[in-house]
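What follows is the residue order along each chain.
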Amino acid sequence: MDIAAEPIVAAPPGFFAEEVFWVHHWTDSLFSFKCRRDPGLRFTSGQFAMIGLMVGGKPLVRAYSMVSPAWEHHLEFLSIKVQDGPLTSRLQHIQVGERVLIGRKTVGTLVLDNVRPGRNLWLLATGTGLAPFMSLIRDPDVFDRFDRVIVAHTVREVKELAYRDYITGELREHELLGEMVSEKLIYLPSVTREPFPVQGRITTRLESGDAERQAGVEPLDPEHDRVMICGSEAMNSDCKALLEARGFIEGTNHVPGSYVVEKAFVTK
Ligand code: A2P
């Protein structure tokens, strides 16, 4: 942990070296940053890439979902800060003007083509699992394919509801997306460890039917609805169990299904 990250001058093979131009600290354990995007970096909204720094003369990278949509000219990421985490203990100190490594290969299962067309698209996230869904809810294709898009974000404390003001405010005024978002996007934040108007885990709220009632939509139905899940391993497996008990079938990059799941990459 004592070795500091080195300034990145040239990109090592397999990476772009991109300049950071915006950093925002949400809490003492959560931050976002934006960097430039090489036009050669191609991805689909919802995918992830390997991101990191140079440490000890080598790339030190972890998987990060893009928060920015595929059409955006820059890249945006959401990260936790772990004080003794090899990467995030260093990455949390990134400053405007410094560079980060962006892997050239982009992959992931939380993409539109992996779910069949349907009525309502549910995006279930805990913590930094919101990242790929921030990308998707800024992609017009998502609104073209679904009647309603419901983002359910569960966190422990209110201050961890990253992007809450953006989703409820600026995004609805967005030149390109504002109209679609206002018509189709439903945001369901919930908090589990302090008072908040909506409390409880998304799993509990789906089991009771409270989530659907609050969203004002039909109860989850594998015939019509599609779900994407991104959280901790425990959250992912509980959501999978809940959906499979109701007849949902997991989609892959080869065969689309009624739901898809990916781990929120807990980077250290
Ligand atoms: P809770 O406070 O009840 O544990 P974590 O930081 O542990 O990943 O948790 C982030 C959020 O995800 C918390 O609000 C937490 O609720 C919730 N959570 C944790 N495990 C699960 C699970 N298995 N299913 C649904 N939500 C979960």
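What counts, and at which threshold
Residues numbered from 1 in each chain as written. Predicted model: local features only at pLDDT ≥ 70, side-chain atom pairs only at ≥ 80, totals over all residues. Heavy atoms only, no water. Phe/Tyr/Trp six-rings, centres within 6.5 Å; stacked < 30°, edge-to-face > 60°. Helix = DSSP H or I, 4+ residues; strand = E, 2+ residues; numbered from the N terminus. Buried < 20%, exposed > 50% of the residue type's maximum accessible area, 1.4 Å probe, protein only. Lys NZ or Arg CZ within 6 Å of the ring centre and 35° of its normal. Near = heavy atom within 4 Å. Polar contact = N/O pair within 3.5 Å; in protein donor to acceptor, adjacent residues only side chain to side chain. Areas by Shrake-Rupley, 256 points an atom, 1.4 Å probe, with all protein chains shown as cover. Nonpolar A, V, L, I, M, F, W, Y, C, P; charged D, E, K, R; others polar. Domains from an automatic or database assignment. Contact = heavy atoms within 4.5 Å. Buried area = accessible area lost by both parts, 1.4 Å probe. Salt bridge = Lys/Arg side-chain N within 4 Å of Asp/Glu carboxyl O. Core = buried A, V, L, I, M, F, W, Y, C linked by side-chain atoms within 4.5 Å.

1. Focus: the packing of aromatic side chains
Here's step 1: Here the structure, examined in full by the defined rule, presents 4 aromatic pairs.
Here's step 2: Ring centres of Tyr64 and Phe77 lie 6.3 Å apart, and the angle between their planes is 80 degrees; on these two criteria the pair is classed as edge-to-face. Pair noted here: Tyr64 is in strand S5 (residues 58–65) and Phe77 is in strand S6 (residues 74–80), with a separation of 13 residues, a long-range link. With respect to class, Tyr64 is no different from Phe77; both count as buried.
Here's step 3: Members of the aromatic cluster, joined through ring pairs, are Phe31, Phe33, Tyr64 and Phe77.
Here's step 4: Directly above the ring of Trp22 sits Lys34, whose terminal nitrogen or CZ lies 4.4 Å from the centroid.

2. Observations concerning the site of the ligand
Here's step 1: Around the ligand, a shell composed of Thr126, Thr154, Val155, Arg156, Thr192, Arg193, Arg201, Thr203, Ala234, Met235 and Asp238 is seen.
Here's step 2: A distance of 2.8 Å is found between an oxygen atom of the ligand and a side-chain nitrogen or oxygen belonging to Arg156.
Here's step 3: Taking Arg201, its side chain carries an N or O atom lying 2.9 Å from an oxygen atom of the ligand.
Here's step 4: For the ligand, the protein covers 80% of the area, taking 550 Å² as the surface of the free molecule.
Here's step 5: Looking at the shell around the ligand, the element that brings in the most residues is helix H9 (residues 233–245), giving 3 residues.
Here's step 6: Looking at the shell around the ligand residue by residue, the class counts come to 3 nonpolar, 4 polar and 4 charged.

3. Notes on the domain arrangement of the chain
Here's step 1: Domain boundaries assigned for the chain yield domain 1 (15–107) and domain 2 (112–261).
Here's step 2: Distance between the C-alpha centres of domain 1 and domain 2: 23 Å.
Here's step 3: Each partner contributes residues to the interface: domain 1 has 19 residues there, and domain 2 has 16 residues.
Here's step 4: Interface area for domain 1 against domain 2, summed over the two sides, is near 1400 Å², with a carbon-plus-sulfur share of 65%.
Here's step 5: On the domain 1 side of the contact with domain 2, Val67, Trp71 and Leu78 bury the most area, a combined 36% of that side's loss.
Here's step 6: Linking domain 1 with domain 2 are 1 salt bridge.
Here's step 7: Among the ionic pairs, Arg138 bridges to Glu76, the shortest N-O distance being 3.7 Å.

4. Details of the nonpolar core
Here's step 1: Core analysis: the largest hydrophobic core is formed by 38 residues, its most contacted members being Ile137, Val149, Leu185 and Met228.
Here's step 2: Elements supplying a minimum of two residues to this core: strand S8 (120–126), helix H2 (131–136), helix H3 (140–145), strand S9 (148–155), helix H4 (164–168), strand S10 (185–191) and strand S11 (226–231).
Here's step 3: Among the domains, domain 1 (15–107) and domain 2 (112–261) are the pair contributing at least three residues each to this core.
Here's step 4: In this view, Val149 contacts Leu121, Leu123, Ile137, Val142, Phe143, Lys184, Leu185 and Ile186; residues no more than four positions away in its chain are not counted.

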